[in-house]
Amino acid sequence: MATIAVVMVDGVADWEIGTVLPAARAWFGDEIRIASIDGKPLTSIGGLSLHPEYALSDLAPLEADLWLLPGSERWQAGEIPGLSALLQQRIDAGRAVAAICGATLALAYAGLLDTRPHTSNSEAFLREHASVYAGTAHYLDQKVASADGLITAPGTSPVSFAMECLRVLHPEREEQITQMRQMFAAEFV
């Protein structure tokens, strides 16, 4: 069993966590901890009212096996005070961080994309919304990127993102992860 801490901001994109969280909890037995920056309720982009159990300040930075940051347009408003240092601390300690869509901007602010392979909605998206972004040489135009404990994906790849998160958490369960991928892929056959 692994522990996933989901760090959300208002307007969280439901579909970006709609595969990984149910699969992690129901199929892999993982514990999910939901946090917002201030611990206050959020509304998802789909209109769901979400009531996080934690504020960012309640999370022990190194405790969970994975910190997962789903996308939201809110990430485009600028760096969230205190978050960059916590993300850097996790990566420095070898603890996994996963971000999809707009949440990759939080990684750019933390400097985590400067030297590691990564992806996002596009390289232009990162440059436009995070003036500190210095990772152009490491940008990969693909569905998901995973390197050195950092998982990134564009908002169009929630299933690929979920698969890579589960691989990092459960490398010994590749057969189940492959079966899950095949189940979702069957929709397009």
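Residues numbered from 1 in each chain as written. Predicted model: local features only at pLDDT ≥ 70, side-chain atom pairs only at ≥ 80, totals over all residues. Heavy atoms only, no water.

Asker: So what's going on with the layout of surface pockets? Which residues, and what values?
Answerer: One number sums up the size of the largest pocket: a volume of about 340 Å³. When contributions to the lining of the largest pocket are tallied by element, the ones reaching two or more residues are α6 (158-169) and α7 (174-185). Per-element accounting of the lining of the largest pocket gives the leading share, six residues, to α6. Grouping the amino acids of the lining of the largest pocket by side-chain chemistry returns seven nonpolar, three polar and four charged. Forming the boundary of the second largest pocket are 15 residues, of which Met8, Ile17, Leu21, Ile34 and Leu50 lie nearest the centre. If you list the elements that add at least two residues to the lining of the second largest pocket, you get α1 (14-17), α2 (20-27), β2 (31-36) and β4 (49-50). Of the residues belonging to the lining of the second largest pocket, the class tally is ten nonpolar, four polar and one charged. (1 Å grid on protein atoms, 1.4 Å probe; cavity = no way out; pocket = protein on both sides within 12 Å on 5 of 7 lines; lining within 4 Å. Points joined across faces, edges and corners; volume = space filled by probe spheres on them. Helix = DSSP H or I, 4+ residues; strand = E, 2+ residues; numbered from the N terminus. Nonpolar A, V, L, I, M, F, W, Y, C, P; charged D, E, K, R; others polar.)

Asker: Please provide a residue-by-residue account of the pairing of β2, values included.
Answerer: Burial of β2 is extensive: five of the six residues sit out of reach of the surface. As paired strands, strand β1 (residues 3-8) and β2 are joined by six bridges and run parallel to one another. Following the sheet pairing, valine 7 is matched in β2 by alanine 35. Where β2 meets strand β5 (residues 54-55), two bridges bridge the pair, whose relative direction is parallel. Counted as the bridge partner of serine 36 is alanine 55 from β5. (Buried < 20%, exposed > 50% of the residue type's maximum accessible area, 1.4 Å probe, protein only. Pairing = 2+ DSSP bridges.)

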